[in-house]
Amino acid sequence: MTSAWPPEFTPLPALTRAEGAYVDGYLDVVDLVARLNPARTARTYGALRAAQALVAQAVALRDALDLMHRRGEHEVHAPTLARALRALDGERRTGRVTLPQDPLD
């Protein structure tokens, strides 16, 4: 018998607001780069729109890192941020940036 409850999601680790903005900004950039991936896109207009949006997202990502640095957050806690990325489906999202499997392999 299957459960009627939805699957439980991995909880996000505790992050500062700037760390959260860093993770969110990074994933936004990853999503845009995935839309730009020539091996995975079919339309130039969609890629053009992603390239235009990438500029603004890069600025937002820079601002998040600048805020962290100005607040004295000089260390990036990679294991904690990696847990946050996994909780936000980062593995699947970053996988779209790479080349797809060659069907001849």
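Nothing here was measured: the structure is a model prediction, and the numbers come from that model.

Draft legend 1. Structural detail: the overall build of the chain. The helix and strand inventory of the chain stands at four helices and zero strands. Listing each helix as α and each strand as β along the chain from the N terminus yields α-α-α-α. For the chain, the C-alpha radius of gyration of 17 Å lies well beyond 13 Å, the compact-globule estimate for 105 residues. Projected onto its principal axes, the C-alpha coordinates of the chain cover approximately 50 × 50 × 25 Å.

Draft legend 2. Up close: the pattern of salt bridges. A complete count under the given rule lists six salt bridges for this structure. Between Asp 66 and Arg 70 there is a salt bridge whose closest N-O contact spans 2.9 Å. Within this pair, Asp 66 and its partner Arg 70 are both found in helix H2 (residues 44–70), separated by four residues, close to a single helical turn. The shortest N-O distance in the salt bridge between Arg 86 and Glu 91 comes to 3.7 Å. Within the structure, one salt-bridge network assembled from shared partners comprises Asp 31, Arg 93 and Arg 96.

Draft legend 3. Expanded view of the side chain of Asn 37. For Asn 37, the location among the structural elements is in the loop between helix H1 (17–36) and H2. Taking the relative accessible area as the measure of exposure, Asn 37 reaches 7% and is therefore buried. At a separation of 3.2 Å, a polar atom in the side chain of Asn 37 contacts the main-chain carbonyl oxygen of Arg 96. A polar atom in the side chain of Asn 37 sits 3.0 Å from the backbone oxygen of Val 97. Not counting the four nearest positions on each side in its chain, Asn 37 is found in contact with Arg 96, Val 97 and Thr 98.

Draft legend 4. Inspection of H2 at higher detail. Counted at 1.5 Å a residue, the expected span for H2 with its 27 residues is 39 Å, and the 39 Å between its end C-alpha atoms agrees. Bending of H2 peaks at approximately 25° at the position of Leu 54. For H2, every residue scored as buried is listed here: Ala 47, Ala 50, Leu 61, Ala 64 and Met 68. Looking at the buried residues of H2, the elements they touch are H1. Within two residues after H2, Gly 72 carries a phi angle of roughly 90°, on the positive side.

Draft legend 5. The arrangement of the packing of H1 against H2 in detail. Contact geometry for H1 and H2: axes closest at 8 Å, N-to-C directions at 160°. When the axis of H1 is compared with that of H2, the two are roughly antiparallel. As H1 packs across H2, the resulting crossing turns out to be left-handed.

Draft legend 6. Fine view of the packing of H1 against helix H3 (residues 78–87). Look at H1 against H3: their axes get within 11 Å of each other, and the N-to-C directions meet at 50°. With respect to their mutual orientation, H1 and H3 come out oblique. At the point where H1 passes H3, the crossing takes the right-handed sense. In this structure, H1 contributes Glu 19, Tyr 22, Val 23, Tyr 26 and Leu 27 to the contact, and H3 contributes Leu 81, Ala 84 and Leu 85. Here the residues of the contact of H1 with H3 sort into seven nonpolar, no polar and one charged.

Here is what the cut-offs are and how they apply
Note on numbering: residues in each chain are counted from 1, in written sequence order. Owing to the predicted nature of the model, reporting of local features is limited to residues with pLDDT of at least 70; listing and counting of side-chain atom pairs is limited to 80 or more, with chain, interface and lining totals taken over all residues. As a rule here, side-chain values come from all non-hydrogen atoms in the structure, and water together with hydrogens is ignored. Helix numbers and strand numbers start at the N terminus; a helix is a DSSP run of H or I with at least 4 residues, a strand a run of E with at least 2. Radius of gyration means the value over C-alpha atoms here, while the globule rule gives 2.2 Å times the residue count to the 0.38 power. Salt bridge criterion: a side-chain nitrogen from Lys or Arg within 4 Å of a carboxyl oxygen from Asp or Glu. Throughout, exposure labels follow a simple rule: accessible area from a 1.4 Å probe, protein chains only, divided by the maximum for the residue type, with under 20% read as buried, over 50% as exposed, and the rest as partly exposed. Nitrogen and oxygen atoms within 3.5 Å of one another constitute a polar contact, given that in protein one can donate a hydrogen and the other can accept it, and given that sequence-neighbouring residues count only through two side-chain atoms. Contacts between residues were defined by any pair of non-hydrogen atoms, one from each residue, lying within 4.5 Å. For a helix, the expected span equals 1.5 Å multiplied by the number of residues minus one. To get the bend at a residue, fit one axis to the 7 residues ending there and another to the 7 starting there, then take the angle between the axes. Throughout, an axis means a line fitted to C-alpha atoms (over the contacting stretch in the case of helices), and angles, computed between N-to-C directions, take values from 0 to 180 degrees. An angle below 35 degrees is read as roughly parallel, one above 145 as roughly antiparallel, one from 65 to 115 as roughly perpendicular, and any other as oblique. By definition, any crossing whose near helix is turned counterclockwise from its far helix by less than a right angle is left-handed, and any crossing with a clockwise turn is right-handed. By the convention adopted, Pro, Cys, Tyr, Trp, Phe, Met, Ile, Leu, Val and Ala count as nonpolar, Lys, Arg, Asp and Glu as charged, and the other residues, Gly among them, as polar.

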